[in-house]
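# Structural overview for review
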Amino acid sequence: MADLVIIGASYAGTQLALAARANGFAGNITMVGDEPHPPYQRPPLSKAFLRNEVDASSLPLQSPERFAEERITLRTGVTALRIEREGRKVELSDGSEIGYAHLAFTTGARCRTLTCEGAGLGNVHYLRNLADACAIRDAASRSRTAVVIGGGFIGLEVAAALRTLGVEVAVVEMQDRLLQRAVPPLISTFLMRAHAHQGVRFHLSSRVRRLLGHGSVEAIELESGEVIAADMVVAGLGVVPNVELAQACGLVVDNGIVVDRYARTSDPRIVAAGDCAAYPNPWLNAVGQGVGPDRCMRVESIQSANDLARVAAATLAGRATPYEAVPWFWSDQYGYKLQMAGASTGHEQIVLRGDMESGKFTALYLRDGTLIGADTVNRPIDHLAARRLIAARVRPDPMALQDESIPLKSLAAA
Ligand SMILES: Cc1cc2nc3c(=O)[nH]c(=O)nc-3n(C[C@H](O)[C@H](O)[C@H](O)COP(=O)(O)OP(=O)(O)OC[C@H]3O[C@@H](n4cnc5c(N)ncnc54)[C@H](O)[C@@H]3O)c2cc1C
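For every chain, the first residue of its written sequence is number 1, and the numbers climb from 1 along that sequence. Confidence filtering applies because this is a predicted model: local features only for residues at pLDDT of at least 70, side-chain atom pairs given and counted only at 80 or more, and all residues used for totals across whole chains, interfaces and linings. Excluded from the side-chain calculation are hydrogens and water; included are all heavy atoms of the structure.

### Details of the pairing of strand S6 (residues 97-105)
Each residue is placed in one exposure class: buried if its accessible area under a 1.4 Å probe, protein chains only, is under 20% of its type's maximum, exposed if it is over 50%, and partly exposed if it falls in between. Where helices and strands are cited, they refer to DSSP runs of H or I of at least four residues and of E of at least two residues respectively, numbered from the N terminus. The buried fraction of S6 is high, at seven of nine residues. Any two strands are treated as partners once DSSP identifies two or more bridges connecting them. Two elements, strand S1 (residues 2-7) and S6, share five bridges in a ladder whose sense is parallel. Its bridge partner lying in S6, Ile6 is registered against Ala104. Where strand S5 (residues 89-92) hands over to S6, the hairpin turn is made up of four residues, of which Gly95 adopts a positive phi near 90°. Where S6 lies against strand S18 (residues 270-272), three bridges are found, and the strand directions are parallel. Residue pairing in the sheet places Phe105 in a bridge with Ala272 of S18.

Have a look at this one:
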């Protein structure tokens, strides 16, 4: 019997366990994870790790000593197979069962996969975990050409890493621009130029018809009939939340395990956080990403996983505080650090600070005169300032925003 059982040992699970302790939760905590490793960082898997610049020893999220000090029992290589809510038990793949007083779902998400002809060929990769990253790194060392399917963050980061490793890369994207759901056209264009400068070839507005090869992939065929040679393929098609276990035990699921602003699921003993959870973020709803004030959505980011896990931990410790945060995210491609804060959806005006050609600039998005989002490239100070300004819902003078002699943070008072 554990007072708290956490299913999924990654960002949200680890943060939830540590934050529960920090909130004074005194009971036993057991965290169950189906991967063979203790919790580790995922962002480097498409960045420094893939580029061979760091090895797996740099990835752990916490040391084993920290888990021990905090009296968190970590059971790796074990899958939670079934939840019995009435009896408050979790059945595990090693044949054991754990009883719980409180349960947390931090089961994350898995890659959406190709369904076209040839999808089962060898050397067709996806990237979610350490094993995937090792397989891509290994394939890259034997490949001259690669096709990346999907011009989202994972696809573009993989493309950049493969180029750094000397592989010829073509990116296939069905939309007419990169990162269509995440950034406005000016950022898409900037990144596309950066990749093209590094020799990446793009096939926009293109769909894959099938993968060709004998045993292993050799080429991909587009719906246009064009064939692109590929010694390896990496598909970055987005993710699917791991909700089946929650669904099977009767929790409300709607493109994610539905939770309220306190991270509570439809069962008051059960919380959920991270990529698997859909929550009502009043901030995102207010800027028009949702429909109505309570629409739930999943936000796939480290920030969201950590923040909602802290909220869930506070709820378990009897100190419930609602979640409302300005979302932020980052991506590294070549020498460019793109940092995004807030949302650009629905902006009416863009103010550019700095010069895009220099590779260091900030794009600020305004709606009804209010700052709702900011994308920065190699401008971490502007990113931090923008996060505060967005949270404060400032209505800055666009001329002042543009004026680089005025530090962004000084506009808070405005
Ligand atoms: C390559 C890559 C790069 C990324 N880069 C960035 C970035 O630059 N910035 C950013 O903000 N975000 C980034 N992300 C996204 C970020 O990693 C995720 O948002 C984050 O990992 C979500 O954490 P989580 O704990 O909710 O879920 P996950 O990290 O997905 O972990 C869930 C864990 O639960 C396990 N699990 C699932 N079901 C069960 C079960 N039944 N029993 C036991 N265990 C189970 C899973 O195997 C997994 O280990 C990146 C993701 C990837 C894959």
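### Comments concerning the site of the ligand
In the vicinity of the ligand, 34 residues are found, and the nearest of them are Ser10, Asp34, Glu35, Arg42 and Lys47. Contacts described as polar in this section are N or O atom pairs within 3.5 Å, which, within protein, must combine one atom able to donate a hydrogen with one able to accept it, while residues neighboring in sequence count only if both atoms come from side chains. Measuring from a nitrogen atom of the ligand, one finds a backbone N or O atom of Ala80 at 2.9 Å. A distance of 2.7 Å separates an oxygen atom of the ligand from a polar side-chain atom of Arg128. In these tables, accessible area is a Shrake-Rupley quantity obtained with a 1.4 Å probe, and a residue counts as shielded only by the protein chains included in the view. When isolated, the ligand has an accessible area of 1000 Å², and the protein chains bury 94% of it. Contributing elements (two or more residues each) for the shell around the ligand: helix H1 (11-22), strand S2 (29-33), helix H8 (302-316) and strand S21 (328-333). Put simply, Ala, Val, Leu, Ile, Met, Phe, Trp, Tyr, Cys and Pro go in the nonpolar bin, Asp, Glu, Lys and Arg in the charged bin, and everything else, Gly too, in the polar bin. For the shell around the ligand, a count of residues per class yields 16 nonpolar, 11 polar and seven charged. Throughout this document, a residue counts as near a molecule or strand when at least one of its heavy atoms sits within 4 Å of that molecule or strand.

### With respect to the pattern of salt bridges
Just to be clear on terms, a salt bridge is a Lys or Arg side-chain nitrogen sitting within 4 Å of an Asp or Glu carboxyl oxygen. Taken as a whole, this structure holds 25 salt bridges when the rule is applied. Notably, a salt bridge pairs Lys47 with Glu157, separated by 3.0 Å at the nearest N-O pair. With Lys47 in the loop between S2 and helix H2 (64-69) and Glu157 in helix H4 (residues 153-164), this pair connects stretches of sequence that are 110 residues apart. By relative accessible area, Lys47 is classed as buried at 8%. Of the charged contacts in the structure, one is a salt bridge between Asp332 and Lys337, with a shortest N-O distance of 2.9 Å. Overall, Lys337 belongs to the partly exposed group, its relative accessible area being 30%. Residues joined by salt bridges that share partners form a network here, namely Arg82, Glu84, Lys89, Glu91 and Glu97.

### Re unusual backbone geometry
In this structure, Leu179 takes a positive phi of about 50° despite not being glycine. As for its placement among the helices and strands, Leu179 is situated in the loop between strand S10 (168-172) and helix H5 (185-197). A positive phi angle, close to 50°, is found at Asn378, a residue other than glycine. Assignment of secondary structure puts Asn378 in the loop between strand S25 (370-377) and helix H9 (380-391).

### A look at the domain arrangement of the protein
Where each domain starts and ends follows an automatic or database-derived domain assignment. Each assigned domain of the protein is listed with its residue range as follows: domain 1 (2-110 + 240-316), domain 2 (113-237) and domain 3 (335-413). Its C-alpha centre places domain 1 at a distance of 30 Å from the equivalent point of domain 2. Contact between two residues is taken to exist if any of their heavy atoms lie within 4.5 Å; hydrogens are not considered. On the side of domain 2, 13 residues touch domain 1, which itself brings 16 residues to the contact. When two parts are put together, the accessible area they lose, computed with a 1.4 Å probe and summed over both, is reported as buried area. Contact between domain 1 and domain 2 buries roughly 1400 Å² in total, counting both sides, with carbon and sulfur atoms accounting for 64%. Three residues stand out in domain 1 for area buried against domain 2, namely Ser46, Phe49 and Leu50, and they jointly supply 39% of the buried area on that side. At the boundary of domain 1 and domain 2, one finds two salt bridges. As a salt-bridge pair, Asp275 and Arg128 come within 3.0 Å of each other at their nearest N and O atoms. Counting the contacts that link domain 1 with domain 2 gives eight residue pairs in polar contact (both at pLDDT 80 or more).

### Comments concerning the sheet that holds strand S20 (residues 296-297)
Spatial ordering of the open sheet is given by S17-S19-S20, a layout of three strands whose pairing is mixed. Looking along the sheet, the strands with just one partner apiece sit at the ends: strand S17 (257-258) and S20.

### Topic: the packing of aromatic side chains
Two aromatic rings, drawn from Phe, Tyr or Trp (for Trp, its six-membered ring), form a pair once their centres lie within 6.5 Å of each other, and the interplanar angle then sorts them: stacked below 30 degrees, edge-to-face above 60, tilted otherwise. Per the counting criterion, the structure on display carries six aromatic pairs. When the centroid spacing of 5.1 Å and the interplanar angle of 75° are considered together, the rings of Phe190 and Tyr336 count as edge-to-face. Remark: Tyr336 occurs in strand S22 (residues 336-342) and Phe190 occurs in helix H5; sequence separation between them is 146 residues. Classification of Phe190 by relative accessible area gives buried; the value is 9%. Judged by its relative accessible area of 27%, Tyr336 is partly exposed. Each member of the aromatic cluster is reached from another via a ring pair, and the members are Phe153, Trp328, Phe329 and Trp330. Sitting over a ring, as applied to charges here, requires NZ of Lys or CZ of Arg to be within 6 Å of the ring centre and within 35 degrees of the ring normal. One residue, Arg137, lies across the ring of Phe49, its end atom 4.0 Å from the ring centre.

### Some points on the sheet that holds S22
What holds strands together in a sheet is hydrogen bonding between their backbones, with the strands either parallel or antiparallel. Taken together, five strands build an open sheet; the order of strands is S21-S22-S25-S24-S23 and the sheet is antiparallel. Single-partner strands in this sheet number two, and they are S21 and strand S23 (349-355). When the angles between neighbouring strand axes are averaged without regard to direction, this sheet yields 15°. With seven bridges connecting them, S23 and strand S24 (residues 360-367) associate as antiparallel partners. Angles run from 0 to 180 degrees between N-to-C directions of axes, and those axes are lines fitted to C-alpha atoms, restricted for helices to the stretch in contact.

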